[in-house]
Amino acid sequence: MIARRMRIGLKSRKTALAVTVVLGFFILVTVLAPWIAPHDPIQVNLAHKLQPPSWEHPLGTDHLGRDTLSRLLYGARYSLGFASLIFLSALGIGLLIGTVAGYKGGIVDSVLMRFCEGVMAFPSLVLVLGLVGIFGPGLAQVVLAMVMVQWVYYARMFRGMVLDLKERNFITAAKISGSSTWKIIRRHIIPNVLPPIVVMGTLEIGWAIMDIAAMSFLGLGIQPPMPEWGAMIHEGKGYIRSHPELMLYPGLMILLVVVTFNILGEALADRYGVNGAFERGRIHDGKTAQRIAGK
Amino acid sequence: MSLLEVIGVTHTYAGSRLFRRAGRQTPVLTGVSLSIEQGMGLGLLGASGAGKSTLGRVILGLERPRQGQVLFQGQDLYRADASTRRQLRRDLQAVFQDYTSSVNPRMTAGQIVGEPLENYERLSARELHRTVGELLERVGLKAEDARKYPHQFSGGQLQRISIARAIALKPKLIVLDEAVSSLDMVNQTNILALLGDLKSIFGLSYLFITHDVKAAYSISDALAVMEKGALIERCGDKDQLFSSPHPVVNKLISSVLSEHPRYRSLASSSNPS
C-alpha cells in the first residue's frame, strides 16, 4: 500500500517536472517575445501573403503577409498573461470574501453567500456580451467579466475550507493565546487554505486560456491586428480550405498550453493531496503514510 | 476569593433560526455552579455528552452562557471590557484532547509555543527564542525541537508542545479537556506526571475534564461529576467520591477495571474505600 503510494508520488513528480519544463519554456517565450520573434507581428506585407514556410518565415505568413511564428510568440503574451491576470484577480477577491464569510459566519456569511449564488446563476457569456455592448469589444471587458464570474467559485471553496479549519483546536488555542482575529486569519487560516486552492487554480488557468481564445474567436475579446491565439484562429477560418495551417498552429498552441496546465494541476493535486489539503508534506513521512493508508 | 467561580450557568446551543421550534431545545448545561481555588486541581468527570466540554468552553470565555456568571479572579469574564478581558484571558489557558488538530501544521514548534508570548510580552527575537527553548525543555523536549514541524513529532510530543504553549504565559488556571485521553498508557502516565510537576512548580490550578476516573483521581485534589448537563456530585476531597450514594457516580467508579483480572468483578460490586 505504501509502496504503491510512493510509486504514484514518484511518477507524478516526474510528470510535474516534465510539464514544468514545458511551461517554463512557454513563460520564457512570453517574456522574450520581442527579442526572439523574427518579425513585427502586426506588420502587414501584402506582397508576401499566404507564403509557405521558408527560412525567412519558418511557419509561413497569413492572409495579410504577417509572420505566423512571430504572431504565435506574441500571442502567448496575451493568452498566458491575461489568463494569469484573471486567475490571480479571481483568487484574490475569492480569498477575501470566502475567508470573511467563513470565519465571521452568521449574518455576514449568509449575505455574502446569497450574493455569490446570485452571481453563479448569471451566465458568464451574457455578462461578457453585456459589457461588450456597453463598452465595446476588448480584452479588458472579457477579463473583467470573467473575473466577476469566477471569483465566486474561489470564494465558495475558501469558505468551505475556512469552515472546516475554524473548528480545529489550533484556532481555538490561538484565540485563547490572545491572538487577534486578523492575526488568526493571517497566520493560521490563509497559509492552510492557499496551497490547495493554488493547485486547483492551475487547472483553472487552462480554462481561462480557452475562454479568452473563445471570446476572441467570437470577436468579443482582443481586436485585430493584435495577435492572440483565438483571434488568429478566427482570422484564419476564411482560408481553412487553402491554408488550414493558419488555424492549425494557434489551435495546437492552445491545446499544448491547456494540456500542460491540466497535467501540472493534476500532478500537483496528487503531490499535495487536495483532498488531504491540510496534510501537506505528510505523505513523505513514512509513519503518516501508514496512518493514511490504514484509514 | 476563589480563583474561578461558576455560578448557575445554563447553556443551550442554538439551532437554525429558521427551523427552531420553541421548547425543542435540550439544554447542555443546567444551573452548574462550581469553584476552583488557587493551586487546586479539580477533576470533572462524566460520560460523553454530559456537558463537560461545554462547561470548559464557557469557562475559557469561548461560549457565552445563556444564564449565569463566570467569575475569574473575581471579575465576570463575559461582562468585562475588552482590555480587562484580555488580561483575564492571559491567566486562563487550555490543552485539548486532539493533539494533531491542536497545532497548526504549517508552523514550527517554536512558532507554536511562541505565539502567546508574542501576543502578551514584548520580547526581542533572541529572548523569545531562549524562552521558547526553556519552555520546550520544561515539558521534556529539546530546545532544538523548536525548528521542527508538527508532523515530525509523535502524539505524546505534540501534547507536550500544547502544554508548553499553555504554560508559556504562566497562567493561573489551565483547562485540560481530555488532555490525555487519546494518548497511550505510557504517554498518559508521563504527561500526568508532567502536569503534576508543573502544578507544584508554578502553583497552577487545573480543571481536568475527563471520563477517565483513574486519570482524574491521580491528578486532582477534588472531584466533580456531571450528568446530563448538571453537576450531580462535588467532593472537596477526592476520596469522598467512593462513598457517594449517587448511582451514576457508582456506575462511573465501577467502570474502572482493576489491574488484575481476579479483582475486576470485586471492583464493580464493593467500595474500594
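Look up a bit, the structure's there.
Each residue is numbered by its place in its chain's sequence as written, counting from 1. Just so you know, chain letters begin at A and ligand numbers begin at 1, following the order they were written in. For this predicted model, a pLDDT threshold of at least 70 governs which residues receive local features, and a threshold of 80 or more governs which side-chain atom pairs are given and counted, while totals over whole chains, interfaces and linings are taken from all residues. Excluding hydrogens and water, the side-chain values take into account all heavy atoms of the structure.

Draft legend 1. Molecular detail of the sheet that holds strand S9 (residues 222-227) of chain B. Residues and elements named next belong to chain B. The six strands are arranged S6-S7-S8-S3-S9-S10 in an open sheet whose pairing can be described as mixed. The open sheet is flanked by strand S6 (92-95) and strand S10 (230-235), the only strands paired with a single partner. With strand direction ignored, the average angle separating the axes of adjacent strands in the sheet is 20°. What makes two strands pair is DSSP finding at least two bridges between them. Secondary structure elements follow DSSP: runs of H or I no shorter than four residues count as helices, runs of E no shorter than two count as strands, and numbering proceeds from the N terminus. In terms of strand pairing, strand S7 (residues 173-177) meets strand S8 (residues 205-209) through five bridges, oriented parallel. Among the inter-strand pairings, Val175 is bridged to a residue of S8, identified as Leu207. Convention adopted: a line fitted to C-alpha atoms gives each axis, helices being fitted over their contacting stretch, and angles between N-to-C directions are expressed from 0 to 180 degrees.

Draft legend 2. Spatial organisation of the packing of aromatic side chains. Here is the rule: rings of Phe, Tyr and Trp (six-membered ring for Trp) pair when centre to centre is within 6.5 Å. Planes less than 30 degrees apart are stacked, more than 60 are edge-to-face, and the remainder are tilted. Counted under the stated rule, the structure contains four aromatic pairs over all chains. Here the aromatic rings of Phe25(A) and Phe26(A) are separated by 6.0 Å at their centres, their planes lie at 65°, and the arrangement is edge-to-face. Assessed through its relative accessible area of 3%, Phe26(A) is described here as buried. Comment: the charge-over-ring label is applied if NZ (Lys) or CZ (Arg) is within 6 Å of the ring centre and within 35 degrees of the ring normal. Over the face of the ring belonging to Phe217(A) we find Lys237(A), whose NZ or CZ atom lies 5.9 Å from the ring centre. Sitting over the ring of Tyr120(B), Arg86(B) keeps its end group 4.5 Å from the ring centre. Note on classification: 1.4 Å probe, protein chains only; a residue is buried when its accessible area is under 20% of the maximum for its type, exposed when over 50%, partly exposed between these limits.

Draft legend 3. Layout of helix H6 (residues 169-176) of chain A. Across the eight residues of H6(A), seven count as buried, placing the element largely inside the fold. By the burial criterion, the buried members of H6(A) are Asn169(A), Phe170(A), Ile171(A), Thr172(A), Ala173(A), Ala174(A) and Ile176(A).

Draft legend 4. Structural context of the interface of chain A and chain B. It only takes one pair of heavy atoms within 4.5 Å for two residues to be counted as in contact. Across the contact, 25 residues belong to chain A and 28 residues belong to chain B. Throughout, buried area stands for the accessible area (probe radius 1.4 Å) lost by two parts on being put together, summed over both. Summed over both sides, the interface between chain A and chain B buries roughly 2200 Å², with carbon and sulfur atoms accounting for 47% of that surface. Salt bridge, as used here, is a side-chain nitrogen of Lys or Arg placed within 4 Å of a carboxyl oxygen of Asp or Glu. For the interface between chain A and chain B, the tally reads two salt bridges. Polar contact is defined as a pair of N or O atoms within 3.5 Å, subject to the rule that within protein one atom must be able to donate a hydrogen and the other to accept it, and that residues adjacent in sequence are counted only when both atoms are side-chain atoms. Put simply, chain A and chain B have 16 residue pairs in polar contact (both at pLDDT 80 or more) between them. Broken down by secondary-structure element, the contributors of at least two residues to the side of chain A that touches chain B are H6, helix H7 (181-217) and helix H10 (286-294) of chain A. By the convention adopted, Pro, Cys, Tyr, Trp, Phe, Met, Ile, Leu, Val and Ala count as nonpolar, Lys, Arg, Asp and Glu as charged, and the other residues, Gly among them, as polar. Looking at the side of chain A that touches chain B, its residues break down into eight nonpolar, eight polar and nine charged.

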